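# Structural characterization, general
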Amino acid sequence: MTPPPPPSHDSRPGSVDVVLPCLDEAAALPWVLARIPDGWRAIVVDNGSTDGSAEIARGLGATVVHEPRRGFGAACHAGLLAADADIVCFCDCDASLDPALLAPFVRAVRDGDSDLVLGRRRPESAGAWPLHARLGNIALARMLRRRTGLRLHDLGPLRAARRTALLGLDLTDRRSGYPLQMVVRAADAGWRVEERPVPYLPRAGRSKVTGTWRGTWHAVRDMRAVLRQPPLPARVEERVR
């Protein structure tokens, strides 16, 4: 299925949208949405929930987008296409990350200090980040360094960048490789990418991606495929500004 075209309207100057991919996160939504900074818009992308997540999110004031294609990347990109803010943030919807932590990320992007800011997860407890997920993340960070030269330690979901620049990356992955493809193409385009430490909390419910060794393996497989992709043509390899 061909994705919808990017929004044709201009960004709202100074505005921020937070994309929250969601699959059966009814228990976490009230806490997550309550932590969205004042004046920002929450875009909850329902990816086929059966627990009433969409209704809960709408009742709490979020903009709800429905993405029928299953996949983390499909949900994230649907949220990006629905956004119209100057700056777009991404955050998991499972209460493992506090969206209020995005405020300094946004300031760094808005002030021109960085083009893409990522959260480096620091687990607050032993159970917050399973061993297999951490090992997979470490391996991918090393492969990313060899591919791009970026000395990152985490490929976490908490991040911020300008909307029009993100759309210009022409992201195509619609599964677990989406977050990595964003970083790889940003590096290829010469973006200034930085990471900042953020506390990582035990999630509400079980992870759909890294909750099992099998899920982690599929995620690593998707991301390794992204790392094998050649750089895009020169039209995307331009400075963000």
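As shown above, the structure is provided for reference.
Throughout what follows, the structure given in this document is the object of discussion.

### Quick notes on the environment of Asp 86
Topologically, Asp 86 is positioned in strand S4 (residues 85-90). Look at Asp 86 and you get buried, because its relative accessible area is 18%. It is 9.8 Å that separates the C-alpha atoms of Asp 86 and Ala 165, two residues lying 79 residues apart in sequence.

### Overview of helix H7 (residues 178-188)
Burial analysis of H7 places nine of its eleven residues in the buried class, the great majority of the element. For H7, every residue scored as buried is listed here: Tyr 178, Pro 179, Leu 180, Gln 181, Met 182, Val 183, Val 184, Arg 185 and Ala 186. Where H7 terminates, the next one or two residues include Gly 190, which has phi positive at roughly 85°.

### As for the packing of aromatic side chains
The final tally for this structure, using the stated rule, is zero aromatic pairs. Lying over the aromatic face of Tyr 200, Arg 121 brings its terminal NZ or CZ to 5.2 Å of the ring centre.

### Some words on a nonpolar patch on the surface
On the surface, Leu 131, Leu 135 and Ile 138 cluster together into a nonpolar patch covering about 270 Å² of accessible area. Within the secondary structure, Leu 135 sits in helix H5 (residues 131-148). Overall, the relative accessible area of 44% leaves Leu 135 in the partly exposed class.

### A few points about the side chain of Arg 185
Tracing the sequence through the fold places Arg 185 in helix H7. With no salt bridge to any partner, buried Arg 185 finds its closest opposite charge in Asp 170, at an N-O distance of 5.8 Å. Only 3.1 Å separates the side chain of Arg 185 from the backbone oxygen of Leu 169, close enough to count as a polar contact.

### Focus: the nonpolar core
Formed by 38 residues in total, the largest nonpolar core has its most connected members in Leu 116, Leu 166 and Trp 191. Listing elements by their share of this core, those giving two or more residues are strand S2 (41-46), helix H3 (72-82), S4, strand S5 (116-123), H5, helix H6 (163-168), H7 and helix H8 (213-227). Among the elements that line this core, the one with the most residues is H7, at six residues. Once residues lying within four places of it in the same chain are set aside, the contact partners of Leu 166 are Leu 80, Val 88, Phe 90, Ala 161, Met 182 and Trp 191. Counting 34 residues, the second largest nonpolar core, distinct from the first, contains Leu 20, Trp 40, Cys 91 and Val 106.

### Examining unusual backbone geometry
With a phi angle near 70°, Ala 95 is a residue other than glycine that sits in the positive phi range. Tracing the backbone through its elements, the reader meets Ala 95 in the loop between S4 and helix H4 (103-110). Even without being glycine, Asp 170 reaches a positive phi, approximately 55°. Within the secondary structure, Asp 170 sits in the loop between H6 and H7.

### Some thoughts on the pattern of salt bridges
Summed over all chains, the structure comprises nine salt bridges. Asp 98 serves as the salt-bridge partner of Arg 35, at 2.6 Å between the closest nitrogen and oxygen. Here the residue Arg 35 occupies a position in the loop between helix H1 (29-34) and S2, and Asp 98 occupies one in the loop between S4 and H4, the gap between them amounting to 63 residues. The exposure class of Arg 35 is partly exposed, given its relative accessible area of 34%. Here Asp 98 falls in the buried class, since its relative accessible area comes to 12%. Asp 154 serves as the salt-bridge partner of Arg 121, at 2.8 Å between the closest nitrogen and oxygen. One end of the pair, Arg 121, is in strand S5; the other, Asp 154, is in the loop between H5 and strand S6 (159-162), with 33 residues separating them in the sequence. Across this residue pair, the class does not change: Arg 121 and Asp 154 are buried. Here the salt bridges share partners, and the residues they tie into one network are Asp 17, Arg 41 and Asp 84.

So, how was this worked out
- Residues numbered from 1 in each chain as written.
- Predicted model: local features only at pLDDT ≥ 70, side-chain atom pairs only at ≥ 80, totals over all residues.
- Heavy atoms only, no water.
- Helix = DSSP H or I, 4+ residues; strand = E, 2+ residues; numbered from the N terminus.
- Buried < 20%, exposed > 50% of the residue type's maximum accessible area, 1.4 Å probe, protein only.
- Phe/Tyr/Trp six-rings, centres within 6.5 Å; stacked < 30°, edge-to-face > 60°.
- Lys NZ or Arg CZ within 6 Å of the ring centre and 35° of its normal.
- Patch = residues over 30% accessible without salt bridge, like charges linked within 9 Å, V, L, I, M, F, W, Y side chains within 5 Å.
- Areas by Shrake-Rupley, 256 points an atom, 1.4 Å probe, with all protein chains shown as cover.
- Salt bridge = Lys/Arg side-chain N within 4 Å of Asp/Glu carboxyl O.
- Lys, Arg positive; Asp, Glu negative; His and termini not counted.
- Polar contact = N/O pair within 3.5 Å; in protein donor to acceptor, adjacent residues only side chain to side chain.
- Core = buried A, V, L, I, M, F, W, Y, C linked by side-chain atoms within 4.5 Å.
- Contact = heavy atoms within 4.5 Å.

Nothing here speaks to function; it is geometry throughout.
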